Amino acid sequence: MTSTAPEKAPPGTVPVPTSRVELSIGGMTCASCAARVEKKLNRMDGVTATVNYATEKAKISYPAGVEVADLISTVEKTGYTAEEPPPPDTGTTPGTETPAAADGEPLSLRQRLLVSLALSVPVVLMAMVPTLQFDNWQWLSLTLAAPVVVWGALPFHRAALVNARHGAATMDTLVSIGTLAALGWSLWALFFGHAGMPGMRHGFEFTVSRADGSSAIYLEAAAGVTVFILAGRYLEAKSKRRAGAAMRALLELGAKDVAVLRAGQEVRIPVGQLAVGDRFVVRPGEKIATDGTVVEGVSAVDAAMLTGESVPADVTVGDAVTGATVNAGGRLVVEATRVGADTQLARMARLVEDAQNGKAAVQRLADRISGIFVPIVLLIAAGTLGAWLGATGDATAAFTAAVAVLIIACPCALGLATPTALMVGTGRGAQLGILIKGPEVLESTRRVDTVVLDKTGTVTTGRMTLQDVYVAEGVDETELLRLAGALEHASEHPVARAIAAGAIERVGGLPVPENFESVAGLGVQGVVDGHAVLVGREKLLGEWAVELPPELAGAKAAAETEGRTAVAVAWDGRARGVLTVADAIKDTSARAVAELRALGLHPVLLTGDNRLVAESVARAVGIDEVIAEVLPEDKVAVVERLRAEGRSVAMIGDGVNDAAALATADLGLAMGTGTDAAIEAGDLTLVRGDLRVAADAIRLSRRTLSTIKGNLFWAFGYNVAALPLAAAGLLNPMIAGAAMAFSSVFVVTNSLRLRSFK
């Protein structure tokens, strides 16, 4: 999965071409592992890498002269595995993985956890309940605990050994040293001290207590810590799988095969073999295989799985359809316009994956802390051991406190705080038709206080539609629409098409006109059902000596005051009515503006249209500030002016002319129904054309950011509070292990609450 693109170079220098690759990293067990791999890769000349612990992927930019094999070799020398994701199968959606491969780690951990749990429960019970301590109970404890510490904790020991070979220490080092030290002390006490004597008893305390070191054993701490940390790892692995569930569901939406037309015959082939220009059949209930244009048939398309839009949209010949949506009506023949990685589904998946692999500023701080945290903890543990020995001379208490420090300090929660929230938040967004481009976008959503709305295609539909029909006294509205619609149906003018479409919708079929003629700049004329009909400007009627009566002239003037286009209709020498046409406001725009206001945003309408039209639209949707008659190239200047006034600006648009303004704004929200240029320039992409999704996007982004900050507060606060308690001897090592495991599970569970965002 490589690509090549020139990176920006300072002025006056020649840009150095760089390539990008994404590697799957294996063997990472905590945030400090990810920090080590990232540090090693970034030490390579010209290489820029970001390693994400939660997704277990590295995104790397590297210059000419560096090969992917060199990058993989560097990762392997650090003690981990690396490989490029396999190329997609022709019959599957890119990025999907087999369930067996995906679930392998949780299953292995589950087996190890269950065996260790079964062996550890009797050990812990005997240590905590003196009445269960029969003669020589300690030897049964050793028999049960030793396999737990040696085999159950083997992944920790193995990782610690690999890290030691490379001169590094991670969370596994802490766990391995802590559990092996507890087992080693117990073996010494049993074989060379007094702990192995028949009739030995010992109680369980939550804090460190002074005792004769030769008669103290820590088998319950060694086994209990192993079980708690295995449980934490297992729950963490399962939670990470659940966190990425939305992403996998998105990738699996696509059709697997398709019925292509070859020489008039239907041939079913894997969707990966589909090419641009191929025509394929979509029957009712089937998924549309790829993005395309309808060339035959009429139907309704259900896009709920892809965009969250609950109402199927009607499609007919010439309409664009999107891959992975469902044909809910009749048979369609579609011509493929985009295939493979170019489809909307693939681009959505790419945006979501890029966002999940990125890092927010707060996470980079956490990574830096995790990278130096383990060595510091080892020093603190050694210092604790020395301080207790110096202060009390009690080796047992000193050893217990030092082991508790090792166990409590594991920085797992720090590494999981941001990535898990990002995975769940961006995945949930994708389900709702909201694509968040990266974690840095989240900070912008918190700061923005002004939202600039493009009018055409954003607040309005971008299509002229028939609005009002005014008829003269004694004229039937249906007859007016039949005759005017029939004449306009023969014209290609946008206003004419809007009138024709409105007439068909309201009265049904239209007659065929005779002697049709288009009068440039004025309108159309012809004969319909034996009537000489005129449809167009008032000036066209004037050329035939036809005047508008006062009531129609007043209706026309009022419509034009509101920025609508008024079209006069006459036949047989008399004015019969006035039709008004306008770019219709979307049904949801007024509610969307109210929701944006509720989020503390001040809305501004920005348009190149005339001021009358702009102010009419603004009044209808509840916007007070209007900036109209702006040239496309001046939209950037408007955004910059608002920012210069001290505002933090969000821009919502859909056209090519909005792309630069979207990129200039503090936060760009691109309507997914718009152009590719706008979508590329935006920070958030709204897959549906519903403006209400903009408010949802900002709410989801803010909720995700607050979840990240809550996670980091918990993770930092936990370690800051727990380390002094452990060093002071106020924590039994087994309780410390349980608390450490709970910390990671809490962070992941807190992130999973984002799945319920509505």
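Residues numbered from 1 in each chain as written. Predicted model: local features only at pLDDT ≥ 70, side-chain atom pairs only at ≥ 80, totals over all residues. Heavy atoms only, no water.

J.: Can you help me understand the overall build of the chain in this one?
T.: Within the chain, the regular secondary structure consists of 26 helices and 27 strands. For the chain, long-range pairs separated by at least 24 residues make up 69% of all intrachain contacts whose partners lie at least 6 apart in sequence. By element, 58% of the accessible surface of the chain is carried by carbon and sulfur atoms, the whole surface being about 31,900 Å². (Helix = DSSP H or I, 4+ residues; strand = E, 2+ residues; numbered from the N terminus. Contact = heavy atoms within 4.5 Å. Areas by Shrake-Rupley, 256 points an atom, 1.4 Å probe, with all protein chains shown as cover.)

J.: For this particular structure, what's the right way to read the nonpolar core?
T.: Nonpolar side chains in soluble globular proteins tend to be buried together. In terms of nonpolar packing, the biggest core is built from 48 residues, with L453, L605, I652 and L669 touching the most fellow members. Take this core: its biggest share by element is nine residues, from helix 25 (residues 692–727). Each residue touching I652, except ones within four places of it in the same chain, is listed here: V451, V452, L453, D454, T458, L596, L662, L669, M671, L691 and A694. In this structure, L483, L552, A570 and V581 belong to the second largest nonpolar core, which totals 36 residues. (Core = buried A, V, L, I, M, F, W, Y, C linked by side-chain atoms within 4.5 Å. Buried < 20%, exposed > 50% of the residue type's maximum accessible area, 1.4 Å probe, protein only.)

J.: Is there a simple way to explain the packing of helix 20 (residues 589–598) against helix 25 in this structure?
T.: Helix packing for two helices is described by the angle between their axes and how far apart those axes are. Contact geometry of helix 20 with helix 25 gives a least axis separation of 7 Å together with a crossing angle of 25 degrees. In terms of their interaxial angle, helix 20 and helix 25 are classed as roughly parallel. Relative to helix 25, the crossing made by helix 20 is left-handed. Note on element contacts: helix 25 touches helix 20 through R692, A694, A695, D696, I698 and R699, opposite R591, A592, E595 and L596. Grouping the constituent residues of the contact of helix 20 with helix 25 by class yields five nonpolar, no polar and five charged. (Axes fitted to C-alpha atoms, helices over the stretch in contact; angles between N-to-C directions. Parallel < 35°, antiparallel > 145°, perpendicular 65-115°, else oblique. Left-handed = near helix turned anticlockwise from the far one by under 90°. Nonpolar A, V, L, I, M, F, W, Y, C, P; charged D, E, K, R; others polar.)

J.: Teacher, can you tell me more about the pattern of salt bridges here?
T.: Any two side chains of opposite charge can pair, so long as their charged atoms come close to each other. Inspection of every chain in the model, using the stated rule, returns 23 salt bridges. With a closest N to O distance of 3.5 Å, R482 and E479 form a salt bridge. On the criterion of helical spacing, the pair formed by R482 and E479 is a turn pair, its members being three residues apart in helix 16 (residues 477–488). Overall, the relative accessible area of 27% leaves E479 in the partly exposed class. The salt bridge involving R692 is made with D690; its shortest N-O contact spans 2.7 Å. One network of salt bridges, with partners in common, ties together E266, R283, E296 and R331. (Salt bridge = Lys/Arg side-chain N within 4 Å of Asp/Glu carboxyl O.)

J.: I keep staring at a nonpolar patch on the surface and nothing clicks. Help me out?
T.: On the surface, L114, L117, V121, L125, M128, V129 and L132 cluster together into a nonpolar patch covering about 530 Å² of accessible area. Residue position: L132 is located in the loop between helix 3 (99–128) and helix 4 (137–152). On the basis of relative accessible area, L132 is assigned to the partly exposed category, the value being 39%. (Patch = residues over 30% accessible without salt bridge, like charges linked within 9 Å, V, L, I, M, F, W, Y side chains within 5 Å.)

J.: I keep staring at the sheet that holds strand 9 (residues 291–296) and nothing clicks. Help me out?
T.: To summarise the sheet geometry, strands pair through backbone hydrogen bonds and adopt either a parallel or an antiparallel arrangement. Reading across from one edge, 7-6-8-14-9-12 is the order of the six strands in this open sheet, with antiparallel pairing throughout. Only two strands of the sheet have a single neighbouring strand rather than two, namely strand 7 (265–270) and strand 12 (320–321). The pairing of strand 6 (residues 257–262) with strand 8 (residues 279–282) spans two bridges and is antiparallel. What sits directly across from A259, in strand 8, is V281. (Pairing = 2+ DSSP bridges.)

J.: Before we go on, may I ask you to explain the packing of helix 16 against helix 17 (residues 494–507) in this structure?
T.: Put simply, helix 16 and helix 17 touch, their axes get as near as 8 Å, and they point 135 degrees apart. By the angle between their directions, the pair helix 16 and helix 17 is classed as oblique. Like other packed secondary-structure pairs, helix 16 and helix 17 cross with a definite hand, here left-handed. Residues E477, T478, L481, R482, G485 and E488 of helix 16 form the contact with helix 17, whose own contacting residues are A496, I499, A500, A503, R506 and V507. Of the residues contributing to the contact of helix 16 with helix 17, the split by class is six nonpolar, two polar and four charged.

J.: Which parts of the structure should I look at to understand the sheet that holds strand 22 (residues 574–585)?
T.: The sheet built from six strands is open, its strands ordered 17-22-21-20-19-18 with antiparallel pairing. With one partner strand each, in any of the chains shown, strand 17 (460–471) and strand 18 (514–519) form the two edges of the open sheet. Geometrically, the sheet is characterised by an average inter-axis angle of 20 degrees between neighbouring strands, direction not taken into account. Sheet topology places strand 19 (residues 523–528) next to strand 20 (residues 531–536); six bridges connect them, and they run antiparallel. When the sheet's bridge partners are listed, G526 is paired in strand 20 with V533. Here helix 17 sits on the sheet in contact with strand 17, strand 21 (565–571) and strand 22, set at roughly 65 degrees to strand 17.

J.: I keep staring at helix 2 (residues 68–77) and nothing clicks. Help me out?
T.: One turn of an α-helix holds 3.6 residues; hence residues three or four places apart share an orientation. Every buried residue of helix 2 is accounted for by V68, L71, I72, T74 and V75. The buried residues of helix 2 occupy one face: seen down the axis, they fall within an arc of 155 degrees. Pointing more than 90 degrees away from the buried face of helix 2 are the exposed residues A69 and K77. Backbone geometry just after helix 2 places G79 at a positive phi near 105 degrees. (Arc of directions from axis to C-beta.)

J.: In this structure, what is going on with the UniProt feature "transmembrane region" (unreviewed entry) in the chain? I would like to understand it.
T.: The residues that UniProt annotates with the feature "transmembrane region" (unreviewed entry) are residues 113–133, 139–161, 173–195, 215–235, 369–391, 397–418, 711–728 and 734–752. The span residues 113–133 is 76% helix and 0% strand, and its two end C-alpha atoms sit 25 Å from each other. Here residues 139–161 runs as 96% helix and 0% strand, with 29 Å between its end C-alpha atoms. (UniProt positions renumbered as here; feature names shortened; annotations may be inferred.)

J.: I tried to follow the packing of aromatic side chains on my own but got confused; where do I start?
T.: Any pair of aromatic rings gets described here by the distance separating the centres and the angle formed by the planes. Scanning all chains against the criterion turns up three aromatic pairs. Between R112 and the ring centre of W151, over which it is positioned, the NZ or CZ distance is 4.8 Å. (Phe/Tyr/Trp six-rings, centres within 6.5 Å; stacked < 30°, edge-to-face > 60°. Lys NZ or Arg CZ within 6 Å of the ring centre and 35° of its normal.)

J.: Any chance you could explain the pairing of strand 14 (residues 332–338) here in plain terms?
T.: On a regular strand, one side chain projects to one face of the sheet and the next to the other, so that they alternate. The pairing of strand 8 with strand 14 spans four bridges and is antiparallel. Bridge assignment links V282 to a residue of strand 14, and that residue is L332. The pairing of strand 9 with strand 14 spans five bridges and is antiparallel. Looking at the pairing, V294 lines up with V334 of strand 14.

J.: Quick question: what am I supposed to make of unusual backbone geometry here?
T.: Most of the time, phi is negative for any residue but glycine, and the peptide bond is trans. Look at N136: it is not a glycine, yet its phi comes out positive at around 65 degrees. Among the secondary structure elements, N136 is positioned in the loop between helix 3 and helix 4. Positive phi is not limited to glycine here, since D529 has a value of about 50 degrees. You can call D529 partly exposed: its relative accessible area is 46%.

J.: I'm lost on helix 25 in this one. Help?
T.: With 36 residues, helix 25 extends 53 Å from end C-alpha to end C-alpha; this agrees with the ideal 52 Å at 1.5 Å per step. The first or second residue beyond helix 25 is G729, which carries a positive phi of 80 degrees. (Expected span 1.5 Å × (residues − 1).)

J.: I would appreciate a short explanation of the side chain of D690 in the present structure.
T.: In this fold, D690 is placed in the loop between strand 27 (684–686) and helix 25. Only 2.7 Å separates the side chain of D690 from the side chain of R692, close enough to count as a polar contact. Those residues within four positions of D690 in sequence are excluded, and the remaining contacts are T588 and M671. (Polar contact = N/O pair within 3.5 Å; in protein donor to acceptor, adjacent residues only side chain to side chain.)

J.: Whenever I open this one, the confidence of the model for the chain confuses me. Can you help?
T.: A low pLDDT means the predicted coordinates there should not be read in detail. Averaged over every residue, the pLDDT of the chain is 79; the share at 70 or more is 80%. Below a pLDDT of 50 lies the segment residues 1–15, which in the model reaches 26 contacts outside its immediate sequence neighbourhood of four places, other chains included. (pLDDT = per-residue confidence, 0-100.)

J.: Could you clarify how one ought to interpret the pairing of strand 7 in this entry?
T.: Judged from the six bridges that link them, strand 6 and strand 7 form a sheet pairing that is antiparallel. The partner of A259 across the bridge, within strand 7, is R268. Counting the residues between successive antiparallel strands, the hairpin from strand 6 to strand 7 contains two residues, one of them, A263, with a positive phi of roughly 55 degrees.

J.: So what exactly am I meant to see when it comes to the environment of M126 here?
T.: Within the secondary structure, M126 is located in helix 3. Remark: the alpha-carbon pair of M126 and Q138, spanning twelve residues in sequence, is separated by 8.5 Å. Ignoring sequence-local partners within four residues, the contact set of M126 consists of L132, Q133, F134, W137, L140 and S141.

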